[in-house]
Amino acid sequence: MIEGLLNRFCFATKVFPALLGMLCLAVLPGQLNADPLRVGFYENPPKIFRDAAGQPAGFWPEVTEAILSEMGYDFEYVDCEWETCLEMVGQGQLDLMPDVAFSEERAAQFQFINEALIYSWSTIVTSQEVEITSLADFEGKRIAVLANSIQERDLRRFLRKEGLKSKLIWTS
């Protein structure tokens with residue numbers, strides 16, 4: 001039953017670090033028939049956020065609601081910071097979390113399937129006073145990055161490989 005739910009419901013990334021998908025956990029069969037599924041909810045506009053009225057909005061809530069409603073499952077969103085949401089998934093306090101990139105480390109802890117729903121990208125944004133024309137321009141810069149994310153891991157690896165000294169500022 002769990003595998004059927006996962007195969008019909010969940011979308012996840014393939015082994016490409018920038019590919020995003022939906023993290024799927026093995027939900028106990030008893031939970032499927034009783035309590036609503038608990039879905040991690042954090043702010044990452046425009047993909048997932050609360051609108052001016054406080055209602056879930058964005059791509060991921062629309063997809064999650066469409067699939068779960070079509071399948072007849074009750075669910076509720078649980079607000080948390082991204083990293084806390086991921087910890088809650090690992091502790092069994094959340095059943096699902098949208099928008100989690102695949103990594104080998106995560107695959108050892110969480111269950112993903114092999115269908116990609118959306119591809120992701122990363123963008124560097126600077127003030128107009130800062131000019132970045134080549135990757136070497138990262139030298140000595142402070143770079144804000146989502147704490148413990150795939151993007152942070154890959155940026156850290158890149159900087160190390162290129163011998164660039166930058167200060168990563170963790171955000172949530």
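Quick notes on the rules
Residues numbered from 1 in each chain as written. Predicted model: local features only at pLDDT ≥ 70, side-chain atom pairs only at ≥ 80, totals over all residues. Heavy atoms only, no water. Helix = DSSP H or I, 4+ residues; strand = E, 2+ residues; numbered from the N terminus. Buried < 20%, exposed > 50% of the residue type's maximum accessible area, 1.4 Å probe, protein only. Contact = heavy atoms within 4.5 Å. pLDDT = per-residue confidence, 0-100. Phe/Tyr/Trp six-rings, centres within 6.5 Å; stacked < 30°, edge-to-face > 60°. Lys NZ or Arg CZ within 6 Å of the ring centre and 35° of its normal. Core = buried A, V, L, I, M, F, W, Y, C linked by side-chain atoms within 4.5 Å. Disulfide = S-S within 2.5 Å. Expected span 1.5 Å × (residues − 1). Arc of directions from axis to C-beta.

**Things to note about the environment of Asp74**
Mapped onto the elements of the fold, Asp74 is located in the loop between α3 (59-71) and β6 (75-79). Residue Asp74 is classed as exposed on the basis of its relative accessible area of 58%. Counting along the chain gives 40 residues from Asp74 to Ala34, while the straight-line C-alpha distance between them is 9.1 Å. Contact partners of Asp74, with chain neighbours within four places excluded, come to Pro36 and Leu37.

**Some thoughts on the confidence of the model for the chain**
Per-residue confidence for the chain gives a mean pLDDT of 78; residues scoring 70 or more make up 79%. Model confidence for the chain, summarised as mean pLDDT per element, is weakest for strand β1 (residues 19-20) at 30 and strongest for β6 at 97.

**Here we look at the packing of aromatic side chains**
Per the counting criterion, the structure on display carries four aromatic pairs. Taken together, a centroid distance of 5.0 Å and an interplanar angle of 80° make the contact between Phe59 and Trp60 edge-to-face. According to the relative accessible area criterion, Phe59 is partly exposed, its value standing at 31%. In this structure Trp60 comes out as buried when scored by relative accessible area, which is 0%. Consider the rings of Phe75 and Tyr77, whose centres lie 5.7 Å apart with planes at 80°: the pair is edge-to-face. Relative accessible area serves as the criterion here: at 23%, Phe75 is assigned to the partly exposed category. Aromatic ring contacts, followed pair by pair, group Phe41, Phe75 and Tyr77 into a single cluster. The ring of Phe41 carries the charged tip of Arg50 above its face, separated from the ring centre by 4.5 Å.

**Examining the nonpolar core**
Tyr42, Leu68, Cys85, Leu86, Leu94 and Met97 are the most contacted members of the largest nonpolar core, which has 26 residues in total. Mapped onto this core, the elements with two or more residues apiece are β3 (37-41), α3, β6, α4 (82-90) and β7 (96-98). Listed in part, the seven residues of the second largest apolar core include Val145, Leu155, Leu164 and Leu168.

**Section: the environment of Ile169**
Looking at the element boundaries, Ile169 is found in strand β10 (residues 167-171). Each C-alpha atom of the pair Ile169 and Ala147 lies 8.1 Å from the other, and the pair is 22 residues apart in sequence. Other than its neighbours up to four places away in sequence, Ile169 contacts Arg142, Ile143, Ala144 and Val145.

**A look at the state of the cysteines**
Per the counting criterion, the structure on display carries one disulfide. Across a sulfur-sulfur distance of 1.9 Å, Cys80 and Cys85 are joined as a disulfide pair. Measuring the twist about the S-S bond at about 100°, one finds the Cys80-Cys85 disulfide to be right-handed. Its relative accessible area of 12% is what places Cys80 among the buried residues.

**Regarding α3**
The terminal C-alpha atoms of α3, which comprises 13 residues, lie 19 Å apart, in line with the 18 Å expected from a rise of 1.5 Å per residue. Considered for burial, the residues of α3 that qualify are Trp60, Pro61, Val63, Thr64, Ile67, Leu68 and Met71. Taken end-on, α3 shows its buried residues confined to a sector of 165°, consistent with a single buried face. Exposed residues pointing more than 90 degrees away from the buried face of α3 are listed as Glu62 and Glu70. At the exit of α3 stands Gly72, carrying a positive phi of roughly 85°.

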